[in-house]
Amino acid sequence: KDVDLVAAALKAYFRELPEPLFPSDMYSELIEIANLTNPNQRTERILAVSNRLDKETVVFANHIFSFLKEVALYKEKNKMDEQNLAVVFGPNLIRPAKNSNTIETISDIPMVIQITSHYIHWGGVFPPEEET
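Below or above, wherever it landed, is the structure these notes cover. (Residues numbered from 1 in each chain as written. Predicted model: local features only at pLDDT ≥ 70, side-chain atom pairs only at ≥ 80, totals over all residues. Heavy atoms only, no water.)

Our next topic: the overall build of the protein chain. Secondary structure assignment for the protein chain yields seven helices and zero strands. The C-alpha radius of gyration of the protein chain comes to 14 Å, within 12% of the 14 Å expected for a compact globule of 132 residues. Taken over the C-alpha atoms alone, the protein chain extends approximately 40 × 40 × 30 Å along its principal axes. Across the 132 residues in the protein chain, those meeting the buried criterion constitute 39%. By sequence separation, contacts in the protein chain at least 24 residues apart represent 73% of the contacts at least 6 residues apart. Carbon and sulfur atoms make up 56% of the accessible area of the protein chain, which amounts to about 8000 Å² in all. In the protein chain, 13 side chains carry a positive charge and 19 a negative one; their mean positions are 5 Å apart. (Helix = DSSP H or I, 4+ residues; strand = E, 2+ residues; numbered from the N terminus. Rg over C-alpha atoms; globule rule 2.2 N^0.38 Å. Buried < 20%, exposed > 50% of the residue type's maximum accessible area, 1.4 Å probe, protein only. Contact = heavy atoms within 4.5 Å. Areas by Shrake-Rupley, 256 points an atom, 1.4 Å probe, with all protein chains shown as cover. Lys, Arg positive; Asp, Glu negative; His and termini not counted. Charge placed at Lys NZ, Arg CZ, Asp CG, Glu CD.)

Below you can see the structure in the form of structure tokens.
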């Protein structure tokens, strides 16, 4: 299907970027944030990371997460809710440096999915006005 082809191309694009959407030097901090149990602390720390992204990355990330949020609105038809989209796209958007420990990276995937799902829920790198 055309939709599957577009999704595969988008995923491949992110996977092949020399630097992920979230720079690899932010990876450890994002994993640490995902492990926080206090949702308010988690949101504050995610916002702190978002505030350190350069302007171009914020604009691009906002478009991507807005698009993924829109896709999730049709979850009844496409079976792709925020969590499923985070599973597919998260490891390509948030990843460590290329020379990282593979076993550790695999064990971090649930945290990557959690952070990505957070951004998809917001539809960008900052929460919508009604959530602040």
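Now for the nonpolar core. Counting residues in hydrophobic clusters, the biggest one holds 34 residues, and the most contacted among them are F22, L30, F65, I94, I115, Y119 and V125. Elements supplying a minimum of two residues to this core: helix 2 (27-34), helix 3 (39-52), helix 4 (55-72), helix 6 (82-93) and helix 7 (102-122). With residues near it in sequence (within four places) discarded, L30 still touches F22, V49, I94 and I115. (Core = buried A, V, L, I, M, F, W, Y, C linked by side-chain atoms within 4.5 Å.)

The geometry of helix 1 (residues 2-16) relative to helix 6 is characterised by a closest axis approach of 8 Å and an angle of 25° between their N-to-C directions. The orientation of helix 1 relative to helix 6 falls into the category roughly parallel. By crossing handedness, the relation of helix 1 to helix 6 is classed as left-handed. Facing A7, L10, K11, F14 and R15 of helix 1, the residues of helix 6 in contact are V88, F89, N92 and L93. Class assignment for the residues of the contact of helix 1 with helix 6 results in six nonpolar, one polar and two charged. (Axes fitted to C-alpha atoms, helices over the stretch in contact; angles between N-to-C directions. Parallel < 35°, antiparallel > 145°, perpendicular 65-115°, else oblique. Left-handed = near helix turned anticlockwise from the far one by under 90°. Nonpolar A, V, L, I, M, F, W, Y, C, P; charged D, E, K, R; others polar.)

Moving on to the side chain of R42. Checked against the element boundaries, R42 lands in helix 3. With a relative accessible area of 14%, R42 lands in the buried category. Those residues in contact with R42 that lie beyond four places of it in its chain are I33, A34, L36, T37 and Q114.

Turning our attention to helix 7. Residues spaced three or four apart along an α-helix face the same direction, because each turn holds 3.6 residues. For helix 7, built from 21 residues, the straight-helix expectation of 30 Å at 1.5 Å per residue is met to within 8% by its first-to-last C-alpha distance of 29 Å. Of all the bends found along helix 7, the most pronounced is centred on I109 and spans about 45°, while P110, a proline, follows it within four residues. D108, M111, V112, I113, I115, T116, S117, H118, Y119, I120 and W122 are the residues of helix 7 that are buried. Packed against the buried residues of helix 7 are helix 2, helix 3, helix 4 and helix 6. The backbone nitrogen of I103 has a side-chain oxygen 2.9 Å away, supplied by the residue at the start of helix 7, namely N101. (Expected span 1.5 Å × (residues − 1). Bend = angle between axes of the 7 residues up to and from the residue. Polar contact = N/O pair within 3.5 Å; in protein donor to acceptor, adjacent residues only side chain to side chain.)

On to unusual backbone geometry. The phi torsion at K79 lies on the positive side, around 60°, for a residue other than glycine. By the secondary structure assignment, K79 is in the loop between helix 5 (75-78) and helix 6.

Taken as a whole and judged by the stated rule, the model has three salt bridges. Between E29 and R52 there is a salt bridge whose closest N-O contact spans 2.5 Å. Remark: R52 occurs in helix 3 and E29 occurs in helix 2; sequence separation between them is 23 residues. (Salt bridge = Lys/Arg side-chain N within 4 Å of Asp/Glu carboxyl O.)

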